[in-house]
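This is what each chain is made of:
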Amino acid sequence: MDYEEKFHRVYQYLKQYPGIFFDFDGAILDYVENLDQLLFVPDICREIYDEVGIIPDNKNIYLGFLNLLKSHFPIEKNHIIEVGGGILPRLGKRIHLLQTTGSITIYDPRLSIYEQDEERFTLKRKMFSSSEPLNKTDLLVGLMPCEGANVLLKTAFEHRIDFMLGLCEGGPHGEPFDYYQDEDEWLDATIYDAKYQVKANDMGTLKTLSLKQYGDKYPVIYNQR
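Residues numbered from 1 in each chain as written. Predicted model: local features only at pLDDT ≥ 70, side-chain atom pairs only at ≥ 80, totals over all residues. Heavy atoms only, no water.

## Examining the overall build of the chain
Formally: Numbering goes from the N terminus for both helices and strands, where a helix is a DSSP run of H or I of at least four residues and a strand is a run of E of at least two. Computation of the radius of gyration draws on C-alpha atoms alone. For the globule rule, the value is 2.2 Å times the number of residues to the power 0.38. Buried means the residue's accessible area, taken with a 1.4 Å probe over protein chains only, is under 20% of the maximum for its type, while exposed means over 50%, and partly exposed covers the values in between.
Helix and strand counts for the chain come out as seven helices and seven strands. Each helix and strand of the chain, ordered N terminal to C terminal, gives the series α-α-α-α-β-α-β-β-β-α-β-α-β-β. A globule of 225 residues ought to have a C-alpha radius of gyration of about 17 Å, and the chain, at 18 Å, matches this closely. Counting only C-alpha atoms, the chain reaches 55 × 40 × 30 Å along its principal axes. Scored against the burial criterion, the 225 residues of the chain give a buried share of 50%.

Right, here's the structure in full:
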């Protein structure tokens with residue numbers, strides 16, 4: 001697919017669904033030109049580029065994360081909650097397409113108004129919290145939900161629910177109520193605590209995977225029973 005076709009697809013989507021990405025339309029269109037050279041596609045572009053089908057499979061982190069997920073959990077029949085699904089819930093939609101008897105509920109206050117619920121596909125336009133109804137949830141997932149990582153893990157450990165989480169920088173550090181000065185310190189502490197909590201709550205062992213081939217330097221963690 002040449003540059004003109006890629007640009008046209010993105011432009012037409014932004015035109016059809018105005019205001020969906022706030023004031024980032026210009027940047028989203030500009031990045032199309034360099035898409036072939038990018039190892040890691042920025043998050044604000046990633047969703048719409050996947051939506052219109054212009055990300056090659058070898059650069060598509062949604063596909064990479066999904067491959068890890070389905071290799072370790074029976075997502076086709078699992079009832080799943082995704083934390084931090086994005087404006088366009090691209091990972092959630094990919095999961096839903098593979099489900100037969102399972103379901104997915106996606107939490108994110110930024111979810112596009114143009115996205116609608118379907119059977120066994122539920123959108124929650126708010127932050128996920130540990131007080132949300134879990135019903136028969138089998139699995140908690142999150143792909144770089146930043147601050148949402150903490151509540152995802154807290155909920156998983158409190159209710160002994162399986163999880164897979166793609167970590168990121170974890171949000172701002174050095175704030176008055178944030179005890180971590182940088183992302184490495186936060187990552188180390190998060191993984192150390194997760195390893196302890198998985199064992200303490202009889203959830204098996206904590207495992208670590210990588211999405212480095214998609215340009216993502218942060219680890220993916222999950223529990224294996």
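Still more ground to cover, so stick around.
## Things to note about the pairing of strand β2 (residues 103-107)
To keep things clear, this is the line we draw: Strand pairing is defined by DSSP finding a minimum of two bridges between the two strands. If you view a crossover with the strands going away from you and the path from the first strand over the helix to the second runs clockwise, you call it right-handed.
Burial runs high along β2: five of the five residues are buried. Neither face of β2 is open: one carries Ser103, Thr105 and Tyr107, the other Ile104 and Ile106, and all of them are buried. Pairing between strand β1 (residues 79-83) and β2: five bridges, direction parallel. Each residue of the ladder has a partner; that of Val83, found in β2, is Tyr107. Remark: the β1/helix α5 (residues 90-98)/β2 crossover connection has right-handed handedness. For β2 and strand β3 (residues 121-124), the ladder comprises four bridges, and the chain directions are parallel. Within the sheet, the bridge partner assigned to Ile106 lies in β3 and is Leu123.

## Quick look at the nonpolar core
As a reminder, the rule being used: For this analysis, a nonpolar core means a set of buried residues of the types Ala, Val, Leu, Ile, Met, Phe, Trp, Tyr and Cys, connected via side-chain atoms within 4.5 Å.
Core analysis: the largest hydrophobic core is formed by 52 residues, its most contacted members being Leu69, Phe163 and Ile221. Judged by nonpolar contacts, the second largest core, of 18 residues, contains Val32, Ile54, Ile87 and Leu88.

## Some details on the packing of aromatic side chains
For any pair of aromatic rings, the description consists of the separation of the ring centres together with the inter-plane angle of the planes. Worth spelling out the cut-off: Only centres within 6.5 Å qualify two rings of Phe, Tyr or Trp (six-membered ring in Trp) as a pair; their planes then separate them into stacked at under 30 degrees, edge-to-face at over 60, and tilted for everything else.
Tallying each qualifying case throughout the model produces seven aromatic pairs. Taking the centre distance of 5.9 Å and the plane angle of 50° together, the rings of Tyr3 and Phe7 count as tilted. Of this pair, Tyr3 and Phe7 both sit in helix α1 (residues 3-16), four residues apart, which is roughly one turn of that helix. Three or more aromatic residues link up through ring pairs in this structure, and these residues are Tyr3, Phe7 and Tyr11.

## Structural notes on unusual backbone geometry
Positive phi, close to 55°, is recorded for Cys146, a residue that is not glycine. Take Cys146: it is sitting in the loop between β4 (139-143) and α6 (148-159). A positive phi angle, close to 55°, is found at Arg160, a residue other than glycine. For Arg160, the position within the fold is in the loop between α6 and β5 (162-166).

## A short note on the packing of helix α4 (residues 61-72) against α5
In plain terms, the rule: The axes are straight lines fitted to the C-alpha atoms, using for helices just the contacting stretch, and the angles between their N-to-C directions are given from 0 to 180°. To sort the angles, those under 35 degrees are grouped as roughly parallel, those over 145 as roughly antiparallel, those from 65 to 115 as roughly perpendicular, and the leftovers as oblique. By definition, turning the near helix anticlockwise from the far helix through less than a right angle yields a left-handed crossing, and turning it clockwise yields a right-handed one. Two residues form a contact once any of their heavy atoms are found within 4.5 Å. Polarity classes work like this: nonpolar for Ala, Val, Leu, Ile, Met, Phe, Trp, Tyr, Cys and Pro, charged for Asp, Glu, Lys and Arg, and polar for all others, with Gly in that last group.
Packing of α4 against α5 brings their axes to within 10 Å, and their N-to-C directions diverge by 45°. On the basis of the axis angle, α4 is oblique to α5. As for how α4 packs across α5, the hand of that crossing is right-handed. On α5, the residues touching Tyr62, Leu63, Phe65, Leu66, Leu69 and Lys70 of α4 are Arg90, Leu91, Arg94, Ile95 and Leu98. Here the residues of the contact of α4 with α5 sort into eight nonpolar, no polar and three charged.

## Some words on the pattern of salt bridges
Definition in use: The term salt bridge refers to a side-chain nitrogen of Lys or Arg lying within 4 Å of a carboxyl oxygen of Asp or Glu.
For the coordinates displayed, the defined rule picks out 10 salt bridges. Between Arg94 and Asp50 there is a salt bridge; the shortest N-O distance is 2.8 Å. With Arg94 in helix α5 and Asp50 in helix α3 (residues 43-51), this residue pair connects regions lying 44 residues apart in the sequence. You can call Arg94 partly exposed: its relative accessible area is 21%. With a shortest N-O distance of 3.2 Å, Glu132 and Lys126 are connected by a salt bridge. A residue is classified by how much of its surface remains accessible, and Glu132, at 12% relative accessible area, is buried. On the basis of relative accessibility, which here comes to 37%, the residue Lys126 falls in the partly exposed class. Through salt bridges with shared partners, one network takes in Asp50, Glu51, Arg90 and Arg94.

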